[in-house]
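# Overview (structure and organization)
Letter by letter, the chains look like this.
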Amino acid sequence: MSATPETGVAAVDRALSILGAFREGDAALTLAELAARTGLYKSTILRLLASLERSRCAARLADGRWALGPMLFHWGALYARSLPVERHLPALLAALAERSGETASFWVRHEGQRLCLARVRSPNRIRDDLAAGDLIPLPSGAAGRVLTAADPAALGVVATFGERNPEAAGCAAAVFGPGGALAGAIGLSGPKARMQAHVAAHLAALAEAASDLTRRLGGDLMPPTGVSA
């Protein structure tokens with residue numbers, strides 16, 4: 001007899017809870033560990049694991065423990081390739097520029113320099129004159145610091161004042177893709193005095209935008225909300 005819609009949805013939810021029980025650093029889990037983490041009966045877990053194993057979403061090891069299956073990596077790779085960062089930038093940068101009143105940009109490394117991949121200018125008339133496609137030598141500026149950091153995940157939001165231009169200021173945070181790979185740096189820039197006057201709000205907005213973009217890209221490392229200067 002086929003399952004009712006409610007039963008089918010419940011089975012999917014339970015199967016997802018089993019996959020979600022795996023945490024960073026878990027190579028494999030015992031049935032008892034899965035039961036403790038999901039709150040499901042072991043018989044239910046085994047029944048669902050059998051289905052997950054057939055679809056290669058789970059794999060049973062020789063010692064009886066269970067590991068995630070290769071199909072999850074396949075789906076993750078498809079997701080990552082279908083959602084390049086450029087698709088997310090226009091709307092996200094526009095929202096960040098509107099919220100902050102400053103110019104919002106996204107930067108990537110390019111042959112020893114940093115490349116402005118996308119930019120939405122500040123609505124204010126007084127602003128910097130950089131544009132998408134411009135290159136700036138590394139490591140100057142907040143985005144430069146992020147892109148050259150040994151551990152960009154530990155930086156939090158970087159703020160610099162007058163480092164690249166005596167009259168300008170900037171702040172930036174790292175954005176990550178699948179596997180914790182650095183995808184680039186999202187930043188805000190503007191006149192130094194104006195940036196300093198609203199720096200706390202800018203840092204909070206930038207940290208939120210960086211985390212949002214990281215989630216959209218399937219990243220599994222969230223930038224901390226601390227500030228580096």
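Right, let's walk through the structure included here.

Scoring rules and cut-offs
Residues numbered from 1 in each chain as written. Predicted model: local features only at pLDDT ≥ 70, side-chain atom pairs only at ≥ 80, totals over all residues. Heavy atoms only, no water. Helix = DSSP H or I, 4+ residues; strand = E, 2+ residues; numbered from the N terminus. Buried < 20%, exposed > 50% of the residue type's maximum accessible area, 1.4 Å probe, protein only. Contact = heavy atoms within 4.5 Å. Areas by Shrake-Rupley, 256 points an atom, 1.4 Å probe, with all protein chains shown as cover. Axes fitted to C-alpha atoms, helices over the stretch in contact; angles between N-to-C directions. Parallel < 35°, antiparallel > 145°, perpendicular 65-115°, else oblique. Nonpolar A, V, L, I, M, F, W, Y, C, P; charged D, E, K, R; others polar. Salt bridge = Lys/Arg side-chain N within 4 Å of Asp/Glu carboxyl O. Core = buried A, V, L, I, M, F, W, Y, C linked by side-chain atoms within 4.5 Å. Left-handed = near helix turned anticlockwise from the far one by under 90°. Expected span 1.5 Å × (residues − 1). Arc of directions from axis to C-beta.

For the protein chain, the count of helices and strands is eight helices and nine strands. When each of the 229 residues of the protein chain is scored for burial, the buried share is 41%. Within the protein chain, contacts between residues at least 6 apart in sequence are counted, and of these 51% link residues at least 24 apart. As displayed, the protein chain offers around 12200 Å² of accessible surface, 57% of which is attributable to carbon and sulfur atoms.

What follows concerns the packing of helix H2 (residues 31–38) against helix H3 (residues 42–54). Where H2 meets H3, the axes come as close as 10 Å, and the angle between the chain directions of the two elements is 105 degrees. Here H2 is positioned roughly perpendicular relative to H3, judged by the angle of their axes. Contact with H2, carried on its side by Leu31, Ala32, Leu34, Ala35 and Thr38, involves Lys42, Ile45, Leu46 and Leu49 of H3 and no other residues of that element. Across the contact of H2 with H3, the residue classes break down as seven nonpolar, one polar and one charged.

Let's shift gears to the pattern of salt bridges. If you walk through the whole model with that rule in mind, you get six salt bridges. With a shortest N-O distance of 2.5 Å, arginine 145 and glutamate 163 are connected by a salt bridge. Here arginine 145 is found in helix H6 (residues 141–148), whereas its partner glutamate 163 is found in the loop between strand S6 (157–161) and strand S7 (168–176), with 18 residues between them in sequence. What makes arginine 145 partly exposed here is its relative accessible area of 30%. Residue classification places glutamate 163 among the partly exposed positions, given a relative accessible area of 35%.

Take arginine 47: it is sitting in helix H3. Along the sequence, arginine 47 and alanine 11 sit 36 residues apart, while their C-alpha atoms lie 10.0 Å from each other.

With 27 residues, the main nonpolar core has Leu93, Leu96, Phe106, Cys171, Ile186, Leu206 and Leu213 as its most contacted residues. If we ignore the near neighbours within four places in the chain, the residues touching isoleucine 186 are Leu92, Leu93, Leu96, Ser105, Phe106, Cys171, Ala172, Ala173, Val175, Leu206, Ala209 and Ala210. Residues Ala15, Ile18, Cys57 and Ala58 belong to the second largest nonpolar core, which totals 17 residues.

This part is about the packing of helix H5 (residues 85–100) against helix H8 (residues 199–216). Viewed as axis vectors pointing N to C, H5 and H8 meet at an angle of 165 degrees, and their least axial separation amounts to 11 Å. Taken together, H5 and H8 sit at an angle that is classed as roughly antiparallel. Where H5 crosses over H8, the two elements pack in a sense that is right-handed. Of the residues in H8, those touching H5 at Val85, His88, Leu89, Leu92, Leu96, Arg99 and Ser100 are His202, Ala205, Leu206, Glu208, Ala209, Asp212, Leu213 and Arg216. Looking at the contact of H5 with H8 residue by residue, the classes come out as eight nonpolar, three polar and four charged.

It is worth spelling out H5 at this point. Taking 1.5 Å of rise per residue, 16 residues should cover 22 Å, and H5 covers 21 Å from first to last C-alpha, within 8% of that figure. Considering only its buried residues, H5 is in contact with strand S3 (103–110), strand S4 (113–120), strand S8 (182–191) and H8. Glycine 101, located one to two residues past H5, shows a positive phi value of around 80 degrees.

Take H3 next. When the terminal C-alpha atoms of H3 are compared, their 18 Å separation across 13 residues agrees well with the 18 Å that a helix rising 1.5 Å per residue should span. For H3, every residue scored as buried is listed here: Thr44, Ile45, Leu48, Leu49 and Leu52. For H3, the angular spread of the buried residues around the axis is 130 degrees, confining them to a single face. Along H3, the residues that are exposed and aim more than 90 degrees away from the buried face are Ser43, Arg47 and Arg54. At the C-terminal side of H3, arginine 56 shows a positive phi close to 65 degrees.

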